[in-house]
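Chains, contacts and geometry: an overview
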Amino acid sequence: MSIRYYHHPAPFQLELGGELRGLTIAYHTYGRLNEDGSNAVWVCHALTANSDVADWWPHTVEAGAFLDPERYFIVCANILGSHYGTTGPLSVNPATGKPYYADFPKLTIRDMARAHRLLADALGIDRVHALVGSSVGGFQALEWAAEEPKRFKKLILIATDAKASPWTIAIDQTQRMAIFADPTYGEPRPDAGMAGMAAARAIGLLSYRGPEGYNATQQDAPDTPPGSLKRACTYQLHQGEKLCRRYNAYSYVAILDAFDTHDIGRGRGGLEAALSRLTMPSILIGLTTDIVFTPAEMRALAASLPNCEYREIASPLGHDGFLTEHRQLNNILTPFINE
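For the structure given in this document, a descriptive report is provided here. (Residues numbered from 1 in each chain as written. Predicted model: local features only at pLDDT ≥ 70, side-chain atom pairs only at ≥ 80, totals over all residues. Heavy atoms only, no water.)

With respect to the overall build of the protein chain
From N to C terminus, the protein chain includes eleven helices and twelve strands. The principal-axis extent of the C-alpha atoms belonging to the protein chain is close to 65 × 50 × 40 Å. At a minimum sequence separation of 6, the contacts of the protein chain that also span at least 24 residues come to 73%. Here the protein chain displays about 14000 Å² of accessible surface, and carbon together with sulfur accounts for 54% of that area. Within the protein chain, one finds 30 positive and 36 negative side-chain charges whose respective centroids are separated by 2 Å. (Helix = DSSP H or I, 4+ residues; strand = E, 2+ residues; numbered from the N terminus. Contact = heavy atoms within 4.5 Å. Areas by Shrake-Rupley, 256 points an atom, 1.4 Å probe, with all protein chains shown as cover. Lys, Arg positive; Asp, Glu negative; His and termini not counted. Charge placed at Lys NZ, Arg CZ, Asp CG, Glu CD.)

With respect to the packing of aromatic side chains
A full pass over the atoms with the stated rule returns 14 aromatic pairs. Taking the centre distance of 4.9 Å and the plane angle of 85° together, the rings of Trp144 and Phe152 count as edge-to-face. Each member of the pair, Trp144 as well as Phe152, is classed as buried. Here the aromatic cluster, defined as three or more aromatic residues joined through ring pairs, consists of Trp56, Trp57, Phe66 and Phe322. Above the ring of Phe12, the side-chain terminus of Arg114 is found at 4.4 Å from the ring centroid. Of note, Lys154 hangs over the ring of Phe336, and the distance from its end group to the ring centre comes to 5.3 Å. (Phe/Tyr/Trp six-rings, centres within 6.5 Å; stacked < 30°, edge-to-face > 60°. Buried < 20%, exposed > 50% of the residue type's maximum accessible area, 1.4 Å probe, protein only. Lys NZ or Arg CZ within 6 Å of the ring centre and 35° of its normal.)

Describing the nonpolar core
Looking at soluble globular proteins, one finds that nonpolar side chains tend to be buried together. Ranked by internal contacts, the top residues of the largest apolar core, which has 71 residues, are Trp42, Leu131, Leu142, Leu155, Tyr252 and Leu278. Setting aside anything within four residues of it in sequence, one finds Tyr252 in contact with Leu47, Thr48, Gln175, Ile179, Met197, Ala200, Arg201, Tyr208, Leu243 and Tyr247. The next biggest cluster of nonpolar side chains, apart from the first, holds 29 residues, and it includes Trp56, Val61, Ala159 and Leu287. (Core = buried A, V, L, I, M, F, W, Y, C linked by side-chain atoms within 4.5 Å.)

Things to note about helix α9 (residues 295-304)
Looking only at α9, the buried set comprises Pro295, Met298, Leu301 and Ala302. Angular distribution of buried residues about the axis of α9 spans 120°; they occupy a single face of the element. Where α9 is buried, its residues contact α3 (136-147), α8 (271-276), β11 (282-287) and β12 (308-313). (Arc of directions from axis to C-beta.)

Written as structure tokens, this is what we have:
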């Protein structure tokens, strides 16, 4: 399915002040909405992903998988501030006629969830069969569910949390420090800060994959000359360069900043009160080697949700295992979403 765009006709007010005029939201859909509108499944994507779920989450959007387009109407919207069609730092600021770049206003996860609500209303989706979110997508899902709990029949959360922890905020800050150390960051051009972003991505990957992931996939061949560049080094360089080919530093910083604002208890009487509102059947999946959102944290979050089942999948790839362990995910989630 090709990308689509929703153009919001009114200014979009942001939680931290300011507004976005001419808001555009890019999104993908798969399958068809049935006559009574009861088969919508909404997927919230992670940090640098896009709205094309079938592209970045292989073997999940296909017949028999948990995101079955023959059974459900699947929607994924690109988040505010991103690089893939939704209004972000490289969009033109109507007030100046030039791209925002570093002047793009500060976002929160709550803003992202409110943008999803706008699109759902525009698409005529009053009731969502299942809301799905992994990692930062789970932040959005929890925020949206806390704001409109009656809109969702089921909630699917993978490797996420109800509030950004000091550990995850520290990871974000370390990545920002790398970007800000690039002297080109702040210049009004789309390729500003690229060297810093490459370093930031390499830093982030250490937490996304963890020691087991690296040790399982980046071993040098036995006959590797001692003076040659190690495979783990070339992997870090490659991943930094790969992100630079498809993203920009201004969007990266905007979303890292929004990540750190995440707290569904803010203005709702605290986390316990906010989580108590989420009474819909829920499932939370942790990953055995995840060091970003650890299994212990995931079990604690599941215990705080009134009607939640906790499952854990085995993966050597740490947090990034949610992108690769499609067989385990489908085995767990297909019965849950279909029942």
